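Remarks on the overall topology
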Amino acid sequence: MCPRTLLLAALATVLAAFAEADSTSHCLFSVINPHGDPELYDFSSLATSDPWQVPDVSDSKSKPGVLFLSVCGPLKGLTKAQCPDVDASACLARQEGGQWRTIVASAAAATANASLVYTGTRLTLILPGHTPCGAGQNYSVHVHLVCNKDSVAAPFFVGLTGCEIQLAWFTAAACPSAEATRACSLPSSGGHWFDLYPLVAEKAYQVSAPDGRVFYLNLCAPVAGGLCPGEKAVACEANKTVSLGRFAENSGLQLAADGLVSRQRGENDTMVEVHFLCNQRAPLVPKPEFLSASNGHAVFRVETPYACPAIPVDCVAYTRQGVKVDISPLRKANSYWIVRDPRVNYTHLLYYINVCGPLARNLPSPCHAGNIGACISSSKPNVPSIPLGVVEHPPRFTKDGDLLLTYRDGADCPDGRNKRKVHISFECSEQERGPEFVVVSGDCVYTFLWKTPTACEAKPNRGDNCQVLDSRMFYSFDLRSLYNDMEDYEVRVDGSLFRVNLCGPLHTPCNGTKNVNVCLARNGSETAIGLRNDKLEYMDGRLSLHLTGEECLPGVTSSVTVILACEHLDPDGPATQPQIFPSGVNDCRYFLVWNHPKACPPYTEVPCTVRMEDGTLYDLSPLSRRSANHIARSRSGQSSGVLINVCRSVVFNRDAACEATSGACLRQGDKFINLGNVQSGPFLDSKVLKLRYEEGALCHAPRGPVHVSATVTFMCDPDALESQPEYLGEFQCDHALFWRTAAACPQRPPSGYNCSVLSPYSKFRFDLSPLAGQDHPATDEFGQHMVLSVCSSVSDPSCPKGIGACQLTASGGLSTGANSSDLKYLPGGTLELRYQGGDACGVGRRRETIIEFFCGAEGSPEGPRVVETLQGCITIVHWHTRFACENPIPCATSLLGHSTDLSSLVRVTQNYRAELQDGRIFFLNICRPLLPKLGLNCGAGAAACVARRSGGTLVEELNIGHATTGPTLTADGALLIYSGGGSCPRRPSVNATTRISFKCDPLAGNGAPKFEKETPDCQFYFSWPTSLVCGPVEEKVGDCKVYSSQLKRFISLDNLGQQVRIGKFTVDLCGRGTDCSGNAVCQRSEDGNWSSYGVLQKAVLHADYLKLHFGGGASCLRNDTYGAEVWLKCDLNNGTGTPRVVLDHSCYAIFEWRTDAVCLQRTVGPTLQPEAADSENQEVQTGHATTAIVALVVTASLLSLGVGAVVVVRRRYPLLCLSWRLPWPSSASHTQVHYSRALSVAEANAVLQNHQELEWDSDEELLKL
């Protein structure tokens, strides 16, 4: 028999034995590839402590659910409503009305025999379940694995085939692996390692073969005592003169399908192969078994606990009321708890204990024999250590309500009938007591009592005098300094005045009532809506005070819920102020939100700059956030769950309950995993800017480091002013992120010009020196040409020397100001450069130029624009430039899984404009400053402005707000507030503000603003109906048409109905060609046969594309059928276009088709007529009908079983063209074309699935913390 046949036969024998071995080895699989070669796969890197969540799992008829999936073991950390089967490794559940309901309790079972097979060229992991599906079958999960060494992304749903739930997974774990190290040790996950050296026999083990032969074998050392001939023999047959194998320390222990394998080669092609199988219940002194021996090749098997990997278990338990208790903070990574036996005559005994995880490997053997969680050692010499139990199950609550952690299957009890066992009973306590020995029973059950705050149920911690203790973080919040002992805070909302002071009474009584925290003044009267309450509450990362007040309406008592959120201290910035939100109209409930440093636990901050020897500066401080975190997106555009901050700790709140030192953490359900601590700032690695967070949570990857880390690689992109990091995946416990951002661009020192200024708030240095040294042309309102230079002299020969601004005339150039490099920072973020001392201008005056630089909308024209000349002598110039950009306001927001992106409303060529009957004109932009307009001087940086037309000019301009924050989600849309405007003419002590309320209207398209009202204190209200804040809707399909229920019309695909060939594929959307025989997508095989990918089955109206799903295709491989998914994307410049293949998998394909056929048109109503004096007429509503520009797109959900095709849309700001025309002659010339940035598919699906969740019972959920 040839050696390879022997190897495969032995491997089959070993695998059969392995099926009965410990379940912790179920992460290792061996399979014969299509070439006939054996391959090894280790999936332990996918065995996370929390289950994988696969969304959108459903057939074509039922609502989608979430598949909870665990690799290598049963599901943990789920409620019974999510998964009632304790042996399940996959459960399908659905959330309805805020409650979970199980759909399939055991889609896959940990106790069933999983198998790894090749179906054609595709590797598939088959996980059978226990839940009946029908026709004598049970549900099962089929995971189609694709090797991708650069990815450990999550699995995604492909389809449902009968009873088989089909998933696809692109992961490095799908790549065959084998790695050699020392002879009997091998690094494992989480800093642990396999150590087989305790198996060394004094001389040798004697092993008998079934045919009567006897072999001498030693493990991890040569045979001693002269039992085998030669030196360093690993094994030999008794009474033979030839040894088998020669021991070599560098021969290397390797991972194998059955656990671990050691191969020691000797002379004359001899070899000893020993397979070490994990069996936590096997004796510590092993009994090697003979498998085979021929032609000098001997194979043995050893079952031993030393071959068992160290695998922590989940440390979460739930009470009968569903309250979560997490004792994982008691788990130690590289240490252990030590308890001395208090009994007389036993004080020499020491108990080593870990919680939900194995003991450290530095303890004496056999305390590290596998997954041992507790062990006895003795201070007396020559007394062996004894394992007490194995880490296998998470803690649980007993019927009596006790929290119990049990370790079973320790060493044999002296009575010979039982195994040692450990019971640790956890008891809620205000102080950490540590474990205490209680008793050991006659049947060797060791009982410990552990009093700890960690075992307490998560209840609001309450404290007096505005102080409260977070018992889980052992940190005391003290908010007494919030009290303003000089004066009360004043907050104005909708014409009402709120006087506020917390942690102490108002200085002035409220309508005679003393001891008040919040007083409402409205319509000339005062009401104490919040009586003093200093009992501070803390729960799940949020501090709150609950105030009740006087009766504000007949029979209705007023109340104020005070929510205090963390905002890191800005030592040079303005003090934070409270904000008040009414619960509703004529309601007496209010919410007071205050972002404050005192609401933060301790956090870490490090320098965020790198300076080179030549003076070049890299400064990432604009990315460092004080009150919010960055949320990384995956490559597909979905949320990765990774929260990250830059050069400072993640900002702590109820949605980011990360460790205080964590710079990045991963959210999985309600659990937060530390991806690395803030320890040092950015650095250059081979000229690449990087940031690294280290010493995170325990690493569970094979051969990985001890702790998880996160590495962010930055790329300079001057145009990426509003970017977010992209999560690339996990590579041996290092989580990789990529960030394309303008903040990563080098700031080079100015060449002879100062021309820079430091922001007093963010400490960001603005540097305009790249604009210096060149002439910039401009034209004033009289058509006269100017030449400007920045921080330098104009070089035009017709202009005087040494000036920074010059007006060109027929006779030469006039100086409108001497050059200066004294750049100023103005409130609102505008930069000012003032050129004075120009040529004479009237009696006793000289010409002057004021240049105001601001960060405008991305894509809008950069450069100077003269907006006004005051009194003929002072020229005002507005200049949009990227060099004035620090950290643009995000125009997208998310809350509770729902997202809204208003970026498509940002104007880059013209402002939104509306004229009222009283002669006032409003100018607006969204999330960005107004674009410079000739004759309009509202101050650079204003996002909203009102002016009055006087003749042909604009006068009485008033800045009514800067864009300082992004939109906030509301129950029916979103709210955008512009604050910090100019002084209100009627109340000079108040600054003007603008509130824009976006409401969902599916027929409005992008929509337009409509002026609603103005309050006496200059608060301006606009409403904005738009489809951008609406969710997707599934639509009907048939006869090559999609019916839009929102637009009440059919979307025809006839223009795309021609047969198109792309390589081996043919796309025929309407099924009228000959290749596909009436089907929409098909492929031609090498033998010339055509395979159908099915027909159009479903479409979903989405924000930026028409997604079509085709199913019911031909049979593919063993149990699959072909299917495809095509996303049609509007592109007015591409004509009909042609599809392109994005991904070609075994049974499904991915296409993208950019075409003008889905750029839909719709009639809505007439637009305002333009005025001759002003070409900047926009579709702003002022009580009249208007043009609405609608983004029409249709998306399809995946329907077939494994065969869906997903069309990838360009990651960065995917665009949809929108075109709407009017039928009336008066408006035919005003066709508008706009672009809309899309949400990700996952976000849109979340909005669709959870649409009802937008109807919150409490307005508190509307608050974005």
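Residues numbered from 1 in each chain as written. Predicted model: local features only at pLDDT ≥ 70, side-chain atom pairs only at ≥ 80, totals over all residues. Heavy atoms only, no water.

**Examining the overall build of the protein chain**
The condition that has to hold: By the criteria applied, helices consist of DSSP H or I runs no shorter than four residues and strands consist of E runs no shorter than two, each listed in order from the N terminus. Each residue is assigned to one of three classes by its accessible area relative to the maximum for its type, calculated with a 1.4 Å probe on protein chains only: buried under 20%, partly exposed between the two thresholds, exposed over 50%. The contact rule is simple, with two residues in contact once any of their heavy atoms fall within 4.5 Å. Accessible surface area values rest on a Shrake-Rupley calculation with a 1.4 Å probe, where residue burial reflects the displayed protein chains alone.
When you go through the protein chain residue by residue, the secondary structure sums to 2 helices and 95 strands. Residues counted as buried form 55% of the 1265 residues belonging to the protein chain. At a minimum sequence separation of 6, the contacts of the protein chain that also span at least 24 residues come to 53%. Summed over all atoms, the accessible surface of the protein chain reaches about 52,900 Å², with 49% contributed by carbon and sulfur.

**Looking at unusual backbone geometry**
The backbone phi angle of C220 is positive, close to 65°, even though this residue is not glycine. With respect to the helices, strands and loops of the structure, C220 is situated in the loop between β15 (214-217) and β16 (233-237). Of note, the phi angle at N239 is positive, near 65°, even though the residue is not glycine. In this structure N239 comes out as exposed when scored by relative accessible area, which is 82%.

**Let's talk about the packing of aromatic side chains**
How we decide: Pairs were defined over the aromatic rings of Phe, Tyr and Trp, the Trp ring being its six-membered one, requiring ring centres within 6.5 Å. Orientation was assigned from the angle between planes: stacked under 30 degrees, edge-to-face over 60, tilted for the rest. Over a ring means this: the NZ of a Lys or the CZ of an Arg is within 6 Å of the ring centre and within 35 degrees of the ring normal.
Per the stated rule, a full pass over the model turns up 25 aromatic pairs. Ring plane angle 80° and centroid distance 5.0 Å describe the contact between Y489 and W594, whose orientation is recorded as edge-to-face. With Y489 in strand β37 (residues 489-493) and W594 in strand β45 (residues 589-596), the pair connects residues that are 105 residues apart, well separated along the chain. Residue class for Y489 comes out buried when judged on its relative accessible area of 15%. Relative to Y590, the ring of F498 lies with its centre 5.4 Å away and its plane at 70°, an arrangement referred to as edge-to-face. A residue pair is termed long-range when its members are at least 10 positions apart, and F498 in strand β38 (residues 496-500) and Y590 in strand β45 qualify at 92 residues. As far as the burial class goes, F498 and Y590 line up, both buried. A network of ring pairs unites the aromatic residues Y351, F437, Y446 and F448 as a single cluster. In this arrangement the basic side chain of R343 is found over the ring face of Y346, its NZ or CZ atom lying 4.1 Å from the centre. One residue, K1013, lies across the ring of Y1021, its end atom 4.8 Å from the ring centre.

**Focus: the nonpolar core**
Inclusion rule: To form a nonpolar core, buried Ala, Val, Leu, Ile, Met, Phe, Trp, Tyr and Cys residues must be joined to one another through side-chain atoms within 4.5 Å.
If you look at the biggest cluster of nonpolar residues, it comprises 32 residues, and the most contacted ones within it are L196, L217, L260, F276 and F300. Looking at this core, the elements that each hand over two or more residues are β14 (205-208), β15, β16, β18 (253-256), β20 (271-278), β21 (289-294) and β22 (297-304). Dropping the residues within four chain positions of it, L217 is found in contact with A204, Y205, V207, V223, V234, A235, V272, V274, P288 and F300. Judged by nonpolar contacts, the second largest core, of 31 residues, contains V1042, F1110, W1153 and A1157.

**Observations concerning the confidence of the model for the protein chain**
Detailed conclusions should not be drawn from predicted coordinates in areas where pLDDT is low. Going by this rule: By definition, pLDDT measures how confident the predictor is in each residue, and it falls between 0 and 100.
Overall, the prediction assigns the protein chain a mean pLDDT of 76, with 78% of residues at 70 or greater. Long-range and interchain partners of residues 1161-1265, a stretch whose pLDDT sits below 50, account for 345 contacts in this model, where long-range means more than four residues apart.

**Describing the pairing of strand β60 (residues 785-788)**
Operational definition: Two strands pair under a simple rule: DSSP has to find at least two bridges between them.
Across 4 bridges, strand β59 (residues 776-779) lies against β60 in antiparallel orientation. Looking at the pairing, T779 lines up with H785 of β60. Sheet analysis places β60 next to strand β61 (residues 805-809), joined by 3 bridges and oriented antiparallel. Directly across from M786, in β61, lies its bridge partner Q807.

**Observations concerning the sheet that holds strand β73 (residues 953-959)**
The test is simple: Between N-to-C directions, angles span 0 to 180 degrees; the directions come from axes that are lines fitted to C-alpha atoms, helices contributing only their stretch in contact.
The strand order across the open sheet built from 4 strands is β70-β71-β72-β73, with neighbouring strands paired in antiparallel fashion. In this open sheet, the two edge strands, each paired with only one partner strand, are β70 (912-915) and β73. The sheet shows a mean angle of 25° between the axes of neighbouring strands, taken without regard to direction. The sheet contact formed by strand β72 (residues 944-950) and β73 spans 5 bridges and is antiparallel. Bridge assignment links R948 to a residue of β73, and that residue is V955.

**Examining the sheet that holds β61**
Taken together, the 4 strands give an open sheet; going across it, the order is β59-β60-β61-β62, and neighbouring strands pair in antiparallel fashion. Of all the strands in the sheet, the pair left with one neighbour each is β59 and β62 (812-815). Across this sheet, the average inter-strand angle for adjacent strands is 30°, counted without regard to direction.

**Quick word on the pattern of salt bridges**
When the charged atoms of two side chains with opposite charge come close together, those side chains can pair. How we decide: A side-chain nitrogen of Lys or Arg and a carboxyl oxygen of Asp or Glu constitute a salt bridge if their distance falls within 4 Å.
This structure, assessed with the given rule, holds 29 salt bridges. With a shortest N-O distance of 2.9 Å, R213 and D211 are connected by a salt bridge. Residue classification places R213 among the partly exposed positions, given a relative accessible area of 25%. Note that R948 is salt-bridged to E956, the shortest N-O span being 3.3 Å. Salt bridges linked by common partners bring D918, R920, R986 and E1014 together as one network.

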